[in-house]
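A look at the structure
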Amino acid sequence: MTDILTGSYTAFEGFTRIASGSLAEVALAAKQALNRPATVPVLIYDDGTGRPVDIDPTVSDDELIARLPYSGAVAGIQISSSVSEPRGRGRPKLGVVPREVTLLPRHWDWLNAQPGGASVAIRKLVEDARKTSGHADRQRGAHEAAYRFMSAVAGNLPGFEEATRALFADDDRRFAELVAEWPADVRDYAVMLAFTERNDEAVH
């Protein structure tokens, strides 16, 4: 998945892909399209999440770039700043974010009995879970990204509902068959969002 600084983005003018690349490059291309007389919407999508990114086409290019969400909210997601724990001697500096966790007493008893205490135990549990479920999590995220894009652009295209069912069934062949007659740019982008990881694994 993409992130704020290194992620890639794609702009569509109706069913036509007009730009792909960094957020700055794509935003400038979208601005040009938005400032032309048009009868179709111009939208930017985050390639990692399928979420739209809003820009203001009425400002100058420099101001547009300055306003891009390199730190802060991107496509409706607020990125929280890290809060550093006080450092002990020889202890590596780790960025941590305090959050409330509600558990039953027996859970706290078990966590507190683990080496390093509750915080260290929870971190280890999370890391282990990430290792064992990482593929499934990425797969689910890819399907959700594709669905967001498809809902915004392809909701009225033939076979949309059947394609959605194939998407969440992780049936890439059926999905490809159902979207085959869609406009080429929409079809290819939806397939890319939904099954890029699988294609990458096949190549490697």
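Up top is the structure these notes are about.
In this report, the structure presented in the accompanying data block is examined. Quick caveat: nothing in here was measured; it's all calculated off a predicted structure. (Residues numbered from 1 in each chain as written. Predicted model: local features only at pLDDT ≥ 70, side-chain atom pairs only at ≥ 80, totals over all residues. Heavy atoms only, no water.)

1. Quick notes on the pattern of salt bridges
Scanning all chains against the criterion turns up seven salt bridges. Put simply, glutamate 144 and arginine 148 hold a salt bridge, and the shortest N to O gap is 4.0 Å. With a gap of four residues between them, glutamate 144 and arginine 148 both fall in helix α4 (residues 117-153), about one helical turn apart. In this structure arginine 148 comes out as partly exposed when scored by relative accessible area, which is 27%. Among the ionic contacts, a cluster of salt bridges with common partners joins Asp56, Glu63 and Arg67. (Salt bridge = Lys/Arg side-chain N within 4 Å of Asp/Glu carboxyl O. Helix = DSSP H or I, 4+ residues; strand = E, 2+ residues; numbered from the N terminus. Buried < 20%, exposed > 50% of the residue type's maximum accessible area, 1.4 Å probe, protein only.)

2. Observations concerning the sheet that holds strand β1 (residues 9-13)
Paired through their backbone hydrogen bonds, the strands of a sheet run either parallel or antiparallel. Spatial strand order, β2-β1-β3-β4: four strands in an open sheet with antiparallel pairing. Each edge of the sheet is formed by a strand with only one pairing partner; in this case those strands are β2 (16-21) and β4 (52-53). Relative to β2, β1 runs antiparallel, the two being bridged by five bridges. Residue pairing across strands places alanine 11 opposite alanine 19, the latter belonging to β2. Of the strands in this sheet, β1, β2, β3 (42-46) and β4 touch helix α1 (residues 23-34), which is tilted by about 150° from β2. (Pairing = 2+ DSSP bridges. Contact = heavy atoms within 4.5 Å. Axes fitted to C-alpha atoms, helices over the stretch in contact; angles between N-to-C directions.)

3. Thoughts on the environment of leucine 34
Its place among the elements puts leucine 34 in helix α1. Classification of leucine 34 by relative accessible area gives partly exposed; the value is 34%. Beyond its immediate sequence surroundings of up to four residues, leucine 34 is in contact with Val42, Ile55 and Pro57.

4. Focus: the nonpolar core
Phe149, Met150, Ala163, Leu167, Phe175, Trp182 and Val186 are the most contacted members of the largest nonpolar core, which totals 22 residues. Here the element with the most residues in this core is helix α7 (residues 184-203); it accounts for six residues. In this structure, Ala30, Val53, Leu64 and Leu68 belong to the second largest nonpolar core, which totals 17 residues. (Core = buried A, V, L, I, M, F, W, Y, C linked by side-chain atoms within 4.5 Å.)

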